[in-house]
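These are the residues of each chain, in order.
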Amino acid sequence: MFTLTQLTCFMAVAEELHFTRAAERLRMTQPPLSRQIQLLEHELGVRLLDRTNRTVRLTPAGRSFLGEARRIVRQAEHAALAVRQVSSGETGSIAVGFTAAGAYAALGELLATSRGALPEVEILLHELVTRDQLEALGEGSLDLGLIRPSAIGADLTSRTAVREGLVAALPVDHPLAAGDGPLELAAFDGQEFLMYSSVEARYFHELLLTTFHTAGVRPVFVQYLSQVHSMLALVNSGWGVALVPEAATNMRYAGVAYRPLDLPDDPRPVELDLVWRKDNDNPALAALLRLL
């Protein structure tokens, strides 16, 4: 079978219609160039060029084959480029898991970074709670997870992506909704409070229990919920007050007022982690992690 070198040599001669100029273009001497053309014609079993001491002309077969030669060389170049891009992480796909609240904290930046620096990489999004993300990461169906800090297996590694504060979400007609300054935790003592589920939202459940216990505050838990948007919907309906991640203030409800909290020990206690398998060899994931 003919080689790409033979095709390249034929294209140069066909386009220049002059062996010396074609050899100079290819940075080679004329005898090896002539030999490559001869080998190509022998392989095809047809004469591609009519050549005399003064002129070089394409035969009808040569004119027909020139288009095919250009197409083959172009495809080979594209294939080589595609392989290099996949190897460097410039193309491919990344399956990313995220929680509903995490979407407001870090997903936007991740997508913007990917679009700006890795436009040929496809991001496949999966909204999953932390537990399901960890399971998918372990199975290999997810490349990257955006989860709250959690115990992870030895096969996974993590990096803190975001640290943010907590804010109070209050019905607009609630007495605590008035004012602009930070609220002290003591203001929630005895208040009807929307709490996070100890199962589906374990991270926030334990974070708030610890926060209230340290401050000696005892709210009255009236509902246990797993999703921040569900919690805000109930605040909007006047069912109680809640503490939500600062990024959740992007969710606007007409009946919800947000106020900052006075948390002197740790003003940004809420964390969101990037988690991935240590043995994940997806070049696109490696490229994205270098950028984030």
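Okay, so let's go over this structure. (Residues numbered from 1 in each chain as written. Predicted model: local features only at pLDDT ≥ 70, side-chain atom pairs only at ≥ 80, totals over all residues. Heavy atoms only, no water.)

### Observations concerning the sheet that holds strand β7 (residues 166–171)
The mixed open sheet is built from four strands, whose spatial order is β8-β12-β7-β11. A single partner strand is all that each edge strand has here, and the edge strands are β8 (183–184) and β11 (242–245). The pairing of β8 with strand β12 (residues 256–262) spans two bridges and is classified as parallel. Residue pairing in the sheet places leucine 183 in a bridge with leucine 261 of β12. Here helix α8 (residues 228–236) sits on the sheet in contact with β7, β11 and β12, set at roughly 140° to β11. (Pairing = 2+ DSSP bridges. Helix = DSSP H or I, 4+ residues; strand = E, 2+ residues; numbered from the N terminus. Contact = heavy atoms within 4.5 Å. Axes fitted to C-alpha atoms, helices over the stretch in contact; angles between N-to-C directions.)

### A closer look at the pattern of salt bridges
Summed over the entire model, instances satisfying the criterion amount to 14 salt bridges. Put simply, arginine 71 and glutamate 68 hold a salt bridge, and the shortest N to O gap is 2.7 Å. In this pair, arginine 71 and glutamate 68 are both assigned in helix α4 (residues 60–88), three residues apart and thus about one turn of the helix distant. Arginine 71 gets classed as partly exposed once you look at its relative accessible area, which sits at 34%. As a salt-bridge pair, arginine 131 and aspartate 132 come within 4.0 Å of each other at their nearest N and O atoms. Of the residues examined, arginine 131 reaches a relative accessible area of 48% and is grouped as partly exposed. Residue class for aspartate 132 comes out partly exposed when judged on its relative accessible area of 32%. Each member of the salt-bridge network shares a partner with another, and the members are Glu15, Glu16, Arg21, Arg25 and Arg70. (Salt bridge = Lys/Arg side-chain N within 4 Å of Asp/Glu carboxyl O. Buried < 20%, exposed > 50% of the residue type's maximum accessible area, 1.4 Å probe, protein only.)

### Regarding the packing of aromatic side chains
Going through the model one piece at a time under the given rule, you end up with eight aromatic pairs. In this structure an aromatic cluster arises from ring pairing among Phe188, Phe193, Phe212, Phe221 and Tyr224. (Phe/Tyr/Trp six-rings, centres within 6.5 Å; stacked < 30°, edge-to-face > 60°.)

### Observations concerning the pairing of β12
Within β12, five of the seven residues are buried, which leaves it mostly tucked inside the rest of the structure. Here β7 runs beside β12; their pairing, made up of five bridges, is antiparallel. From the neighbouring strand, alanine 169 faces β12, where its bridge partner is tyrosine 258.

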